[in-house]
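Observations on the three-dimensional arrangement
Residues per chain, in single letters:
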Amino acid sequence: MLVVKKFGGSSVADKERIFNVARRCAEEYQMGNDVIVVLSAMGDTTDELLEKAAEINPYPSKRELDMLLTTGEQVSVALMAMALQFLNVPAISLNAFQVKMHSTARNGNARFKRVDTDRITHELENRKIVIVTGFQGVNHYGDYTTLGRGGSDTTAVALAAAMHADKCEIYTDVDGVYTADPRVVPNARKIEEITYDEMLELATSGAKVLHNRSVEMAKKYGVELVVRSSLNTEEGTLVKEVAKVEKMLITGVAADKNTARISVMGVEDKPGTAFKIFNTLAKHNINVDIILQSVGRDGTKDITFTVSQDDLKEAMEVLEARKEALTIKEMNYNEKVAKVSIVGAGMLSNPGVAATMFESLSNSNININMISTSEIRITVLIDEKDADRALVAIIKRMWSQMYRMEHLRKKKGLGNFSILFLTQCTVMIFAGKGDILTKPIRRGKGICLFFGRKFDFGKEKWGEITGEDIKLDREMISVRDAVAFFCDNAPVCLFAQMAVGFLGKRKIMFFTNHQTFGFVGQDVVISIPADTDNRFGA
């Protein structure tokens, strides 16, 4: 089996973490697998190199900047090879020139054209772990290029595709893809599986866990990705073509603060004007995202669009140089803005998602400047200072709405939960069991016993409920004197009450609430006398 493992800068930030990664790679190697490792620069090395460049020249050429920045990854791979050799594992480090990672000529944001595999194949046949520099390629002049922030992800996927790897694992400082940035939204949930399309939308919208072009390439070549933490052994998030997300209305929320808004005003209101403006930017490899055009008046119109902050200076210079030819009367920009996006395939079949998102922003007094949509994404442009508040507000409102809609969907029939519940009741009746041992959730002095499938509300199967700051303890309780059922529809509760009551159970309590099933916002706890807690071993 051939495994490609990519480790980010935080995973190799110091000696301890380098050896942690080395041991993980050695374990994979000792299982008999071939291993290719892709590394980013150590810790904050890239930022430090950028600062050094700015000290010498505030506006360095992109070619020389790439020459400087590519040294960071070469340090990482050399040290990793030394660490593995110290562990008596054969290893060799290679940079983009030695592998020949062919790229386009655009410095600072190059794209791969092809990857030569001969050298890597030769080293693998000699049973060595091959450690490759991420983030960089070589253009047709033989000069180094860089792929942009997060480009090491793309290097790993490119190698996995070229080498037909069996696995491609992306290791970072978080243990998977979350519904939102867990550093901003504490109750964000880890996603077990996500589709390429949803991950691409999230990555493009500002989720930093994966480079957007790496997801694009993975989808094109069918490379399944696993995003996981290098600091623990927990299962991560699987990124693939089809994921088990049919029941998820919203997959995730992301914010992108690396955004700037440009407005060109007073341009001619006639066919071809917008083409000339955006064609001019495209010739300089400047990507444009959200676009808003005003209604024409007096033969003129205004066009507003967003670019990354990295491209802002060049975009303004390009437009200024052709201001007269493009009939631009006035230009301005604002770099204190941010994009906030919600992503989810469930939006295709559920109306009202945009309204719910906008309501959450309105309730938080956050103004929307621009709006953009796709089939599975809604993006708004807001003030940068409001970005984190917007994430929290949207998560709280959208997840609450999602649980309500999920319940309404389930009310259309008994479903697997109810069928399993009926089966368990029948088994209990005919077996004549006096005890029922199940998984309870305790809240205060109430005990709620859940029959059927597990309800995954939070980070753990029986843990915190997303959207509300309520934490629930978990225990196993043998119930001798009382039985409490949480039923998802009234007929099941009625059936169980009649059946179990007929057998002479001393205390039987049932609870059902069609308004808040799976949603904590009202009282959803069965009331049990306080003295009963002692008999339950509380």
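In what follows, the structure referred to is the one given above.
Summarised in this report is the structure supplied together with it. Not measured: the values here are computed from a predicted model.

With that settled, the discussion passes to the overall build of the chain. When you go through the chain residue by residue, the secondary structure sums to 15 helices and 24 strands. Across the 538 residues in the chain, those meeting the buried criterion constitute 51%. Considering only intrachain contacts with a sequence separation of at least 6, the fraction spanning at least 24 residues in the chain is 75%. Put simply, the chain shows about 25800 Å² of open surface, and 51% of that area lies on carbon and sulfur atoms.

Okay, the pattern of salt bridges next. Enumeration over the complete set of coordinates arrives at 28 salt bridges. Between D153 and K6 there is a salt bridge; the shortest N-O distance is 2.9 Å. Note that D153 is positioned in helix α6 (residues 151-162) and K6 in strand β1 (residues 2-7), a separation of 147 residues in sequence. Across the pair, K6 and D153 agree in class, each one buried. The salt bridge involving R114 is made with D116; its shortest N-O contact spans 3.9 Å. On the basis of relative accessible area, D116 is assigned to the partly exposed category, the value being 28%. Ionic contacts of the salt-bridge type, sharing partners, join the residues K5, E28, K167, E169 and R228 into one network.

Attention now goes to the sheet that holds strand β14 (residues 291-293). Taken together, the six strands give an open sheet; going across it, the order is β14-β15-β13-β16-β18-β17, and neighbouring strands pair in antiparallel fashion. Each edge of the sheet is formed by a strand with only one pairing partner; in this case those strands are β14 and β17 (370-374). Mean inter-strand twist for the sheet, computed between neighbouring axes without regard to direction, equals 25 degrees. Sheet topology note: the β17/strand β18 (residues 377-383) ladder contains five bridges and is antiparallel. Following the sheet pairing, T373 is matched in β18 by I378. In the packing of helix α10 (residues 309-321) onto the sheet, contacts are made with β13 (252-268), β15 (300-308) and β16 (330-343), and the angle to β13 comes to roughly 10 degrees.

All right, on to the sheet that holds strand β2 (residues 34-39) then. On the basis of which strands lie adjacent, the open sheet formed by eight strands has the order β3-β6-β2-β1-β9-β11-β12-β10 and mixed pairing. Of all strands in the sheet, those bounded by a partner on one side alone are β3 (91-94) and β10 (193-195). Between one strand and the next, the sheet's axes are offset by a mean angle of 20 degrees, whatever the strand orientation. Two elements, strand β9 (residues 167-172) and strand β11 (residues 225-229), share five bridges in a ladder whose sense is parallel.

Time to look at the nonpolar core. Among the nonpolar cores identified, the biggest contains 47 residues, and I36, I120, C168, M199 and L210 are the most heavily contacted of them. Ranked by the residues each element gives to this core, the list is headed by α6, at six residues. Each residue touching M199, except ones within four places of it in the same chain, is listed here: V177, I194, V209, L210, V215 and V239. Formed by 23 residues, the second largest nonpolar core is a distinct cluster that contains V77, A83, L84 and A91.

Counted under the stated rule, the structure contains three aromatic pairs. For the pair F19 and F86, a centre-to-centre distance of 5.9 Å together with 80 degrees between the ring planes defines the contact as edge-to-face. Here F86 lies in helix α3 (residues 62-86) and F19 lies in helix α1 (residues 15-30), a separation of 67 residues in the sequence. Ring geometry for F278 against F305: centres 5.2 Å apart, planes inclined by 75 degrees, an arrangement best described as edge-to-face. Taken together, the residues F278 in helix α9 (residues 273-283) and F305 in strand β15 connect sequence positions 27 residues apart. Across this residue pair, the class does not change: F278 and F305 are buried. Across the ring face of F97, the terminal group of K100 is positioned such that the distance to the ring centre comes to 3.8 Å.

What follows deals with helix α11 (residues 353-363). An α-helix turns once every 3.6 residues. As a result, residues three or four positions apart point the same way. Taken together, the buried positions of α11 are occupied by V353, T356, M357, S360 and L361. Looking straight down α11, one finds that the buried residues subtend no more than 135 degrees of arc, so they occupy a single side. Turned more than 90 degrees away from the buried face of α11, the exposed residues are S362 and N363. Of the residues flanking the end of α11, it is N365, one or two places downstream, whose phi is positive at about 60 degrees.

Let's shift gears to helix α7 (residues 196-204). Every buried residue belonging to α7 is among Y196, E198, M199, E201, L202 and A203, and all of these are buried. Phi turns positive one or two residues past the end of α7, at G206, with a value near 120 degrees.

Relative to the helices and strands, E317 resides in helix α10. Judged by its relative accessible area of 43%, E317 is partly exposed. Here K313 takes part through its side chain, which lies 2.6 Å from a polar atom of the side chain of E317.

Let us now look at the environment of T179. Relative to the helices and strands, T179 is located in the loop between β9 and β10. We classify T179 as buried; its relative accessible area is 2%.

Moving on, we get to the packing of α6 against helix α8 (residues 212-221). The N-to-C vectors of α6 and α8 enclose an angle of 15 degrees; their axes lie 8 Å apart at closest approach. As summarised for this structure, α6 and α8 are arranged roughly parallel, according to the angle between their axes. Where α6 crosses over α8, the two elements pack in a sense that is left-handed. On α8, the residues that touch D153, T154, V157, A158 and A161 of α6 are R213, S214, M217, A218 and Y221. Within the contact of α6 with α8, the residues separate by chemical class into six nonpolar, two polar and two charged.

The subject of this paragraph is a negative patch on the surface. A surface patch of like charges, here negative, comprises D44, E48, E51 and E55. Mapped onto the elements of the fold, E48 is located in helix α2 (residues 45-56). Looking at E48, the relative accessible area reads 44%, which means it is partly exposed.

With that out of the way, let us pick up a nonpolar patch on the surface. A cluster of nonpolar side chains, contributed by V75, L79 and M82, occupies part of the molecular surface with about 250 Å² of accessible area. Mapped onto the secondary structure, L79 falls in helix α3.

Contact geometry of α2 with α3 gives a least axis separation of 9 Å together with a crossing angle of 150 degrees. Here α2 is positioned roughly antiparallel relative to α3, judged by the angle of their axes. Relative to α3, α2 is oriented so that their crossing is right-handed. Here T45, T46, L49, L50 and A53 of α2 come into contact with α3, specifically with L65, L68, L69, T71, G72 and E73. Across the contact of α2 with α3, the residue classes tally to six nonpolar, four polar and one charged.

Conventions and cut-offs
Residues numbered from 1 in each chain as written. Predicted model: local features only at pLDDT ≥ 70, side-chain atom pairs only at ≥ 80, totals over all residues. Heavy atoms only, no water. Helix = DSSP H or I, 4+ residues; strand = E, 2+ residues; numbered from the N terminus. Buried < 20%, exposed > 50% of the residue type's maximum accessible area, 1.4 Å probe, protein only. Contact = heavy atoms within 4.5 Å. Areas by Shrake-Rupley, 256 points an atom, 1.4 Å probe, with all protein chains shown as cover. Salt bridge = Lys/Arg side-chain N within 4 Å of Asp/Glu carboxyl O. Pairing = 2+ DSSP bridges. Axes fitted to C-alpha atoms, helices over the stretch in contact; angles between N-to-C directions. Core = buried A, V, L, I, M, F, W, Y, C linked by side-chain atoms within 4.5 Å. Phe/Tyr/Trp six-rings, centres within 6.5 Å; stacked < 30°, edge-to-face > 60°. Lys NZ or Arg CZ within 6 Å of the ring centre and 35° of its normal. Arc of directions from axis to C-beta. Polar contact = N/O pair within 3.5 Å; in protein donor to acceptor, adjacent residues only side chain to side chain. Parallel < 35°, antiparallel > 145°, perpendicular 65-115°, else oblique. Left-handed = near helix turned anticlockwise from the far one by under 90°. Nonpolar A, V, L, I, M, F, W, Y, C, P; charged D, E, K, R; others polar. Patch = residues over 30% accessible without salt bridge, like charges linked within 9 Å, V, L, I, M, F, W, Y side chains within 5 Å. Lys, Arg positive; Asp, Glu negative; His and termini not counted. Charge placed at Lys NZ, Arg CZ, Asp CG, Glu CD.

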